[in-house]
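# Structural features, examined
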Amino acid sequence: MSRVSRFHQSLREMISILNDEKKAISSFDIDAIMACSVDKQGLCSGLEEFGGTELDEESLSLLETARQINEVNRQIRNLAAANISARIDALRGSPALYSIASSSRAR
């Protein structure tokens, strides 16, 4: 298998892992999220060997797909974290530290 073919295969694996991660985040499956994190880290380390590889059209397309999926996953994680924080604050009965109401009272 050529260097470019191995690079493409690694990028396809990354896309697959990112899609698995998206499912795990959506279902709040902590074990699967952690497994995906370990897999992504290992694959990123493996991708470093392709640092000098010439990027053809397929490589650029695969990289862009991985970037987009990773960005969606990041946004989902951030939304989930904000939702959980809001619920915890509501349960504790404490207002958000940086809410508009608290900043207007400070003046």
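Quick note: structure is the one above.
What counts and how
Residues numbered from 1 in each chain as written. Predicted model: local features only at pLDDT ≥ 70, side-chain atom pairs only at ≥ 80, totals over all residues. Heavy atoms only, no water. Salt bridge = Lys/Arg side-chain N within 4 Å of Asp/Glu carboxyl O. Helix = DSSP H or I, 4+ residues; strand = E, 2+ residues; numbered from the N terminus. Buried < 20%, exposed > 50% of the residue type's maximum accessible area, 1.4 Å probe, protein only. Expected span 1.5 Å × (residues − 1). Arc of directions from axis to C-beta. Contact = heavy atoms within 4.5 Å. Core = buried A, V, L, I, M, F, W, Y, C linked by side-chain atoms within 4.5 Å. Axes fitted to C-alpha atoms, helices over the stretch in contact; angles between N-to-C directions. Parallel < 35°, antiparallel > 145°, perpendicular 65-115°, else oblique. Left-handed = near helix turned anticlockwise from the far one by under 90°. Nonpolar A, V, L, I, M, F, W, Y, C, P; charged D, E, K, R; others polar.

### Quick look at the pattern of salt bridges
A side chain of one charge can pair with a side chain of the opposite charge if their charged atoms are brought near each other. By the definition in use, this model includes six salt bridges. For arginine 67, the salt bridge is made with glutamate 64, and the minimal N-O distance between the two is 2.8 Å. Here glutamate 64 and arginine 67 lie together in helix α3 (residues 57-92), a separation of three residues that amounts to about one turn. We classify glutamate 64 as partly exposed; its relative accessible area is 33%. The network of salt bridges with shared partners includes Glu21, Lys40 and Arg77.

### What about helix α2 (residues 30-47)?
Relative to the 26 Å expected for 18 residues at 1.5 Å per residue, α2 spans 25 Å between its end C-alpha atoms, a close match to the ideal helical length. The complete set of buried residues in α2 reads Ile33, Cys36, Lys40, Leu43 and Leu47. The arc enclosing the buried residues of α2, seen along the axis, measures out at 95°, which places them on a common side. Of the exposed residues in α2, those oriented more than 90 degrees away from the buried face are Ile30, Asp31, Val38 and Gln41.

### Notes on α3
For α3, with 36 residues, the first-to-last C-alpha span of 53 Å sits near the 52 Å given by 1.5 Å per residue. Contacts made by the buried residues of α3 are with α1 (3-26). Positive backbone phi, approximately 75°, marks glycine 93, located one or two places after α3.

### Observations regarding the nonpolar core
A general feature of soluble globular proteins is that nonpolar side chains tend to end up buried together. Counting residues in hydrophobic clusters, the biggest one holds 13 residues, and the most contacted among them are Phe7, Leu11, Met14, Ile15, Leu18, Leu47 and Ala66. Of all the secondary structure elements, the ones that give two or more residues to this core are α1, α2 and α3. Residues within four places of phenylalanine 7 in sequence aside, it is in contact with Leu47, Phe50, Thr53, Leu55, Ser59 and Leu63.

### With respect to the packing of α1 against α2
Running from N to C, α1 and α2 point in directions that differ by 160°, and their axes come no closer than 9 Å. Taken together, α1 and α2 sit at an angle that is classed as roughly antiparallel. The element α1 and its partner α2 pack so that their crossing is left-handed. From α1, Phe7, Ser10, Leu11, Glu13, Met14, Ile17, Leu18, Asp20, Glu21, Ala24 and Ile25 reach across to α2, where they touch Ala32, Ile33, Cys36, Asp39, Lys40, Leu43, Cys44 and Leu47. Residue composition of the contact of α1 with α2, by class: 13 nonpolar, one polar and five charged.

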